[in-house]
Amino acid sequence: FNWTIVLRQLLFQCGIQFWCFRQAEILQGQDLPHGSHTPRLPHIIIIGVRKGGTRALIEMLSLHSSVAAAQNEVHFFDWESHFQKGLPWYLSQMPYAFPDQLTVEKTPAYFTSSKVPKRIHQVNPDIKLLLILRDPTERVLSDYTQVFYNRLQKHKRYQPIESVLVKDGEINLGYKALNRSLYCVHMQNWLQYFPLKSIHVVDGDELIRDPFPEMKKVERFLKLEPQINASNFYFNKTKGFYCLRDHGRERCLHDSKGRAHPHVAPAILQKLYQFFQEPNKKFFELVGRTFNWK
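If you're wondering where the values come from, they're calculated on a predicted model, not measured in any experiment. (Residues numbered from 1 in each chain as written. Predicted model: local features only at pLDDT ≥ 70, side-chain atom pairs only at ≥ 80, totals over all residues. Heavy atoms only, no water.)

Novice: Honestly, the sheet that holds strand S11 (residues 241-246) in this entry has me stumped. Any pointers?
Specialist: Note on sheets: strands pair through backbone hydrogen bonds, and any given pair is parallel or antiparallel. As summarised here, the arrangement of the 3 strands in space is S10-S11-S12, forming an open sheet in which the pairing is antiparallel. The outermost strands of the open sheet, each flanked by one partner alone, are strand S10 (233-236) and strand S12 (249-251). The mean angle between the axes of side-by-side strands here comes to 35°, regardless of whether they run parallel or antiparallel. Of the pairings in the sheet, the one linking S11 to S12 comprises 3 bridges and is antiparallel in character. Its bridge partner lying in S12, Asp-246 is registered against Arg-249. (Pairing = 2+ DSSP bridges. Helix = DSSP H or I, 4+ residues; strand = E, 2+ residues; numbered from the N terminus. Axes fitted to C-alpha atoms, helices over the stretch in contact; angles between N-to-C directions.)

What follows is the structure, given as structure tokens:
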């Protein structure tokens, strides 16, 4: 029995409670000089999903003047090496914000990590959560595509997509990318700690097709003054997706976005569609809405 470990854990938990209390004061505007510009723990977290459109979502949300966004994925709640550093470290990763601004961070791996919902709830049970999802089959293909190009750039071997999707003629349940697309499994875990009203599900497929209506829904969920408008988006024919226009300055997502998926045999695609039918139905029941997924 190691009392050193027990003491360290107790001190860490006390640190969480103390910092949560202090941050609650800050979020409510206490102890902040008027007009002060300081890092603040997030009011909003984009919790996922990987290859669902989280980068596009945080960039589009940053168009709003009342939002200050962390630039990098923080991985505080899912990486032990980061979580053990405590809330002071987490706060140091946040953007500087004025008292009237909402801070946001995005880490796509949060959604599929079983320990994250409880940890976030301990820090701020009233936080607003944004979850962006795509058709689960399309998400699996995007997941594979990202890994494929990463390995290609590093001159590493890669497996053909058919060999990872199918094993012995059946869907390969050991493929991690498939698990990430079982939205109902992960959503059940989040709903143990947060009510559905605290989680807004963004339709990632619609965000790609026509971002403006989806961003208006996000504004309403976050109770932000309407500010993002249709003129903030323009379709870039070269890239094949929407880019952003902010005060006359135009910017697009990185070239790694919007890559073409590898060709998959129709029979294998059909297996994937059938595999996700029942999990999708359960997810629709959990969130009380349906999505146009195959």
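Don't stop here, the text continues.
Novice: Quick question: what am I supposed to make of the state of the cysteines here?
Specialist: A disulfide bridge is the covalent bond that connects two cysteines by way of their sulfur atoms. Enumeration over the complete set of coordinates arrives at 1 disulfide. With a sulfur-sulfur separation of 1.8 Å, Cys-243 is cross-linked through a disulfide to Cys-252. Torsion about the S-S bond of the Cys-243 and Cys-252 cystine: about 105°, corresponding to right-handed handedness. For Cys-252, a relative accessible area of 29% corresponds to the partly exposed category. (Disulfide = S-S within 2.5 Å. Buried < 20%, exposed > 50% of the residue type's maximum accessible area, 1.4 Å probe, protein only.)

Novice: How should the packing of helix H6 (residues 136-153) against helix H12 (residues 266-287) be read in this particular structure?
Specialist: At their nearest, the axes of H6 and H12 sit 9 Å apart, and the two run at 125° to each other. Considering the angle they form, H6 stands oblique to H12. Counted together, Pro-136, Thr-137, Val-140 and Leu-141 of H6 and Leu-269, Leu-272, Tyr-273, Phe-276 and Asn-280 of H12 form the full contact between these two elements. Of the residues belonging to the contact of H6 with H12, the class tally is 7 nonpolar, 2 polar and no charged. (Parallel < 35°, antiparallel > 145°, perpendicular 65-115°, else oblique. Contact = heavy atoms within 4.5 Å. Nonpolar A, V, L, I, M, F, W, Y, C, P; charged D, E, K, R; others polar.)

Note that every value here comes from positions in space, so none of it alone points to a role or purpose.
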